[in-house]
Amino acid sequence: MKEILISTRKMTKHYPAGEGKFTALKDITLDFGKGEFTGIVGPSGSGKTTLLNIIGSLDTQSEGEVIVLGRDISSLTTKESAALRSRDIGFIFQTYNLLPVYSVYENVEFPLLLLKMPEADRKKAVTEALEWVGLTAKIKSRPGQLSGGESQRVAIARAMVKKPHIILADEPTANLDTENSMNVLQTMQNLNRDMGTTFIFSTHDAKVIGFLQRKITLVDGMVASDEINGAAG
Ligand SMILES: Nc1ncnc2c1ncn2[C@@H]1O[C@H](COP(=O)(O)OP(=O)(O)O)[C@@H](O)[C@H]1O
Ligand SMILES: [Mg+2]
């Protein structure tokens with residue numbers, strides 16, 4: 001039995017809407033095992049971002065339980081959830097979210113500064129991460145000088161540099177053309193295979209589906225299917 005890193009039990013999320021509330025996720029019960037490479041698919045508005053934000057402890061559920069790396073995230077203080085994110089979870093966003101005034105090197109180094117890692121260790125980790133994503137030549141560039149595919153690879157380097165247990169990616173290929181999407185997917189898959197990093201990412205990109213080990217489909221905030229290698233699981 002695989003070690004479970006994330007569990008949700010009957011997890012529901014309501015957002016305030018006018019006088020009442022809107023239910024964005026309803027009764028989500030899922031387990032994510034160590035080393036999985038899982039895609040959350042579903043149409044726009046189906047709750048993919050909300051789900052990733054909650055399991056990444058950027059947001060909290062309204063009802064039900066969410067356990068991340070053995071911790072009940074709704075019981076964490078702001079400081080504890082920030083520590084969980086900075087140590088154990090890497091994030092990749094659709095729009096890269098790089099800091100424009102910093103170099104590629106400084107962007108990738110940033111999470112290590114938050115962890116107060118000594119400089120020599122930071123240098124080694126950043127250099128390795130940029131080698132991993134094939135961007136050693138761009139180390140001094142600023143984000144504005146990069147293509148979309150390169151920017152997303154910097155974001156992957158930034159997410160992996162602290163060697164987190166889990167990387168969460170919200171539509172990482174949505175702004176990329178086919179070639180760059182494949183390159184980004186391949187980089188994520190290599191990391192999963194070679195370092196055992198657990199990936200959970202949302203997508204509604206048909207090109208991505210073939211890469212998935214596990215595909216969870218959300219419809220109207222509910223799990224419509226959960227399939228492993230094309231077979232129902
Ligand atoms: N902060 C918010 N306040 C109110 N409604 C929200 C908020 N965030 C998302 N929603 C609503 O929740 C639903 C799911 O949104 P989201 O998780 O962003 O879906 P997806 O990522 O699949 O497109 C949508 O109907 C959206 O409008
Ligand atoms: Mg979304």
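About the cut-offs
- Residues numbered from 1 in each chain as written.
- Chains lettered and ligands numbered in written order.
- Predicted model: local features only at pLDDT ≥ 70, side-chain atom pairs only at ≥ 80, totals over all residues.
- Heavy atoms only, no water.
- Helix = DSSP H or I, 4+ residues; strand = E, 2+ residues; numbered from the N terminus.
- Buried < 20%, exposed > 50% of the residue type's maximum accessible area, 1.4 Å probe, protein only.
- Contact = heavy atoms within 4.5 Å.
- Pairing = 2+ DSSP bridges.
- Near = heavy atom within 4 Å.
- Polar contact = N/O pair within 3.5 Å; in protein donor to acceptor, adjacent residues only side chain to side chain.
- Areas by Shrake-Rupley, 256 points an atom, 1.4 Å probe, with all protein chains shown as cover.
- Nonpolar A, V, L, I, M, F, W, Y, C, P; charged D, E, K, R; others polar.
- Salt bridge = Lys/Arg side-chain N within 4 Å of Asp/Glu carboxyl O.

J.: Teacher, can you tell me more about the side chain of Thr 217 here?
T.: Here Thr 217 lies in strand β9 (residues 214-219). Overall, the relative accessible area of 16% leaves Thr 217 in the buried class. Other than its neighbours up to four places away in sequence, Thr 217 contacts Val 41, Met 222, Val 223, Ala 224 and Ser 225.

J.: Explain the pairing of β9 to me, please; I cannot follow it from the model alone.
T.: It is a general feature of regular strands that their side chains alternate between the two faces of the sheet. Summarising the sheet, strand β3 (residues 37-41) and β9 pair through four bridges and their orientation is parallel. Opposite Val 41, over in β9, you have Thr 217 as the bridge partner. Bridge analysis of β9 against strand β10 (residues 222-228) gives six bridges, and the strand direction is antiparallel. Across the sheet, the residue bridging to Leu 218 is Val 223, located in β10. Remark: two residues form the turn of the hairpin made by β9 and β10, two consecutive strands paired antiparallel; Asp 220 in that turn has positive phi of roughly 50°.

J.: Sorry, what's going on with the environment of Ala 174 here?
T.: Summarising the element assignment, Ala 174 is placed in the loop between β7 (166-170) and α6 (178-195). The exposure class of Ala 174 is partly exposed, given its relative accessible area of 39%. Each C-alpha atom, one on Ala 174 and one on Asp 220, is 20 Å from the other, the two residues being 46 residues apart in sequence.

J.: Is there a simple way to explain the site of ligand 1 in this structure?
T.: Within the structure, ligand 1 sits among Tyr 15, Phe 22, Ala 24, Pro 43, Ser 44, Gly 45, Ser 46, Gly 47, Lys 48, Thr 49 and Thr 50. One nitrogen or oxygen atom from the side chain of Tyr 15 is found 3.5 Å from a nitrogen atom belonging to ligand 1. Between ligand 1 and Lys 48, the relevant distance is 2.8 Å, taken from an oxygen atom to a side-chain nitrogen or oxygen of the residue. Compared with its free state, where it exposes 560 Å², ligand 1 has 60% of that area covered by protein. For the shell around ligand 1, the elements supplying multiple residues, two or more each, are β2 (20-33) and α1 (48-55). Sort the elements by how many residues they give to the shell around ligand 1 and α1 lands first, with three residues. Considered class by class, the residues forming the shell around ligand 1 number four nonpolar, six polar and one charged.

J.: Would you take a moment to explain helix α2 (residues 78-88) for this structure?
T.: Helical geometry note: an α-helix holds 3.6 residues per turn, so side chains three or four residues apart project in the same direction. Those residues of α2 that sit buried are Ser 81, Leu 84, Arg 85, Ser 86 and Asp 88. Of the surrounding elements, those touching the buried residues of α2 are β4 (63-68), β5 (71-72), β6 (89-92) and β7.

J.: For this particular structure, what's the right way to read the pattern of salt bridges?
T.: Opposite charge on two side chains lets them pair, provided their charged atoms get close. One pass over the structure, following the stated rule, counts 16 salt bridges. The residue Lys 2 makes a salt bridge to Glu 36 at a minimum N-O spacing of 3.4 Å. You can see Lys 2 sitting in the segment before β1 (4-17) and its partner Glu 36 sitting in the loop between β2 and β3, a full 34 residues away along the chain. The class of Glu 36 is buried, set by a relative accessible area of 10%. Put simply, Asp 226 and Arg 214 hold a salt bridge, and the shortest N to O gap is 2.9 Å. Within this pair, whereas Asp 226 is found in strand β10, its partner Arg 214 is found in strand β9, the two being separated by twelve residues in sequence. Here Asp 226 matches Arg 214 in class, with each residue buried.

J.: Can you help me understand unusual backbone geometry in this one?
T.: With the exception of glycine, the majority of residues adopt a negative phi angle, and the majority of peptide bonds are in the trans configuration. Positive phi, normally seen in glycine, also occurs at Ser 57, with a value near 55°. Of note, Ser 57 is situated in the loop between α1 and β4.

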